[in-house]
Structures are given as structure tokens and as C-alpha cells.
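# Per-entry structural report
The primary structure of each chain is shown beneath.
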Amino acid sequence: MVLIYVQKITPRVLYTFKQVCRRILGLEIDFTSKIESFIAHNGAKFSYGKQPLGKELYFQGTELLFEYGFNELDIQVYPWEDTKCFFMTKHPDAALPFDIFAATFYLLTRYEEYLPHVKDTLGRFTAKQSIAYIHGFLEDPVVDIWAHKFKAILQEKYPTIAFVEKTFSCLPVVNVSQTFTYGQKGILRSIGGGLRDLWKLRFSDVSDRISVLLNLKKDPYNTFDYLITLMQAHRRKCVVFFGLGDYATHEKNINHSNLAHKRILKHVADYMDVGLKVSYDAIADVVTLKREKKRIESTVHRQLRYATCAFNKIKLPEAYRNFIELEIQEDFSMGYDDHTGFRAGTCTPFLFYDLDYEVQTPLLIHSFCCTATAFNSIRNATEVATTMQLLIDKIRRVEGVFIPVYTNGILSDKNPTTYWKSILKSNWKL
């Protein structure tokens, strides 16, 4: 156990130190604000604040973890060793040249997303507005990198200190916006889709549509047996998210009460973890979210644990507050659709901290680092695999969790980029 002296133990201090020390490094810690207790402690210890108490291991702190609410901050990013850092400090006795804990808090809480910003057409905070993208460290899990450098300093000072060893892991995610390409769409949608294909001279699509509707061929989007077989072969976990929202501008799935749809959902839930892909309209509407939650629970006959927001639109803090109110335990929305990298700067799951209420919540956030959409500009399987491997190598070095996001559609043989099956299979072998 490591004792930490902090002059004032705030909710922000508790949240950040527990994430860095316990969740990332597996280190047991305790806090004190009494100088006498800190001096009397004979084991591993360090102080955090504006000034050191004496000659102890010392990390200089800035104001962020001792403030309340959020304000515009003038953040300067600097290169440091093999990474980037901010919230620089100047005390000559400080063990690090920046406030690792304030920088971690800033990224994990998505502090910048609470500040005024320009949203895209779907109402999302974009990657290009983030401090990580602007300063070129979006594709680095900097929070974990900083934590491991902090670990090295502790080990040098206290060689016998005990850390719980972590291991690298891979957790693929599959989002299901449309369960079927052609099947179960109803007469009007089927006719309309067929006429559209004819107009665009897509005769193979017309043929496939007719074959599926006549039950002569399996629907191309029905790739769930492939997923189940793959999971059983490699004995790895996977989470599949189904959309159960009402038909609308941003929701094109078949009716949630469709028997074929419900059979697929129940079938997948028998073998894999399933979650709710929260519809666009339900992201900030707790009544609609409650209705969709009830739909999936009544189908799989178990309490909903996992959720992800459509288009990864996270309206902070309302979306997460609604998850917490309805006792959804884990979210998989933390990432960018169109860019690879780490939206919260980490590849380790973390608890959501509500900046408005200044409280750590029980909602566990899983940060994904790439989606198939992020590779839309790449049509070469080798280039996709190479880019993905670079991310994997970075995550492996800090013993984090690699979370790629797929869809049932891109795993279809009908998808022009046919290499996604092999890439997913390679993920499961990690």
C-alpha cells in the first residue's frame, strides 16, 4: 500500500488517483491530509500539491483537481520523452515535469466536451476539435503511457512495491443497425428497394433480394452464426449491440416486435453478450430509452448491462445520467466514428465522472479505438491490418484493452471490402 499526502482530498483527487493507481497499475493506495500521519508512515509514500513537505517523493499539482465546475483553460501541449503532455509544472524537486493527474482528469472526464464547441450534422463533438487530434496524440493511449512512467518512478524509489499484474486483452464489438438487408422489411420497403436497385442498374442486388424473399438464400446481413462459431472456436468474449428503436430518420431497422428479429436476438444472446444500441432519439430522452431497454430485456429475459449510443453521439452529461438512472452498467460509445484513436486518452475502462455534480458514478466506460468506418478511405487489406496493428502494439505495451468496432453488415460476403472477416478473426487470435 502507498500512502499519498494531499492537503485537501477532493472528489476529483480520489477519482483520478484511484483510476491511475488502482485500475491502470493495480496499486493499493490510501490518502491522508495530516502531515504527522504522512511523516510517521514507514512504507512507500509520496506527496501531491503545490509544495513538497520535505525530501519525500513529490509530484507537483496544479489547481484542476481542487476546483469545482469547468472553465476555459489555456492548455499548452509539450513533447516529453516519447509522448506529449500538458499542465506543465516548474518545481525543481517534482518527479515529473507536468501534473499527470490533472492531465488524466481532463481527458477522462471529457472536460473539453463540456466547453462550447461546434457540433457536426449529427450533433457530435468531432475528433478534429479535440486537444489530442490538434496536438497529434489521438492515436496514443497517453493516460496509460503516463501511468506506466509514473510506475517506473515509484519502482525506482521503492523497489519492493507490489503491483497487481495486468494482461493485454481484445474485446471486439459488433453494432447491428439493420439485422437484415432484404428480409422482413415488408412489402412497400421491399418493392421500393427493388425499384431503386433497378434504377441504379444493380441487377445482382435485385437477384439477391428476390432469392432472400423466396427463402432461397440467407440474408447477407445475417452473419450472426459466423460470429458465434468464431467466438466458440477461440473462446473469446464479444459484445453485440442491437438497435431496437422505432423507425425514423436515423433508424432503419425492422420493427422491434418482428418475430424473425426477436429470434435472431435471442439466438445471439444464448451464446454471446448482447447490449442495446441506443437509438438517436433515445440518447438524451430517458422515456424513449426506457422503452427500448424494456424491449431488449423482454426479449432476452435478462437485465440490460451494456449500451452504446447510435453514431457514438454522447450528449454529456445527459446521456450517461440516463444510463445510470436506468441502471445500465457499461457503455461502449467512447470513441470517434471517423478517426482511429483514443477519445478519452486511455485504453483502460474507467468510471464516468459527472463534472456538473462533482461525483464519480458507477457507469463503466469502455473506450474503443477504431471502427470500420474510420478505414473507409482505405481499400487495401494490408494497410488496414498494419494501421490496426500499430494500435494493438501501443495497447499491448501498457497492458490495456483493444476494442475494435464492427458491424454485421461489413462481415457480409456481399460487402465489397471482403477482408473484414479475416481481420476480425485475427483479432480473436490476439
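Below you will find a few notes about this structure. (Residues numbered from 1 in each chain as written. Predicted model: local features only at pLDDT ≥ 70, side-chain atom pairs only at ≥ 80, totals over all residues. Heavy atoms only, no water.)

### Details of unusual backbone geometry
Most peptide bonds adopt trans geometry, and most residues besides glycine take a negative phi value. Looking along the chain, the bond that leaves Leu316 and enters Pro317 is cis, with omega of -5 degrees. Here Pro317 lies in the loop between β11 (306-309) and α12 (318-325). Despite not being glycine, Glu327 has its phi angle at roughly 60 degrees, a positive value. Checked against the element boundaries, Glu327 lands in the loop between α12 and β12 (330-334). (Helix = DSSP H or I, 4+ residues; strand = E, 2+ residues; numbered from the N terminus.)

### Some details on the pattern of salt bridges
Under the defined criterion, the tally for this structure stands at 18 salt bridges. Across the pair Lys394 and Asp140 runs a salt bridge whose closest N-O atoms are separated by 2.7 Å. With a gap of 254 residues between them, Lys394 in helix α13 (residues 381-397) and Asp140 in the loop between α5 (131-134) and α6 (142-157) connect regions that are remote in the sequence. Judged by relative accessible area, which is 23%, Lys394 ranks as partly exposed. Across the pair Arg321 and Asp356 runs a salt bridge whose closest N-O atoms are separated by 3.0 Å. Of the two residues, Arg321 sits in helix α12 while Asp356 sits in the loop between β13 (350-354) and β14 (359-367), which places them 35 residues apart along the sequence. One network of salt bridges, in which partners are shared, links Arg110, Glu112, Glu113 and Arg343. (Salt bridge = Lys/Arg side-chain N within 4 Å of Asp/Glu carboxyl O. Buried < 20%, exposed > 50% of the residue type's maximum accessible area, 1.4 Å probe, protein only.)

### A short note on the sheet that holds strand β4 (residues 58-60)
If you trace the 4 strands from one edge of the open sheet to the other, you get β2-β1-β3-β4, paired in parallel fashion. Looking at the sheet topology across the chains shown, the edges are occupied by β2 (29-32) and β4. Taking each pair of neighbouring strands and ignoring which way they run, the sheet shows an average axis angle of 25 degrees. Examined bridge by bridge, strand β3 (residues 45-49) and β4 share 3 bridges and lie parallel to one another. By the bridge assignment for β4, Ser47 is matched with Tyr58. Its contacts with the sheet put helix α1 (residues 11-24) on β1 (2-6), β2 and β3, and the angle it makes with β2 is roughly 150 degrees. (Pairing = 2+ DSSP bridges. Axes fitted to C-alpha atoms, helices over the stretch in contact; angles between N-to-C directions. Contact = heavy atoms within 4.5 Å.)

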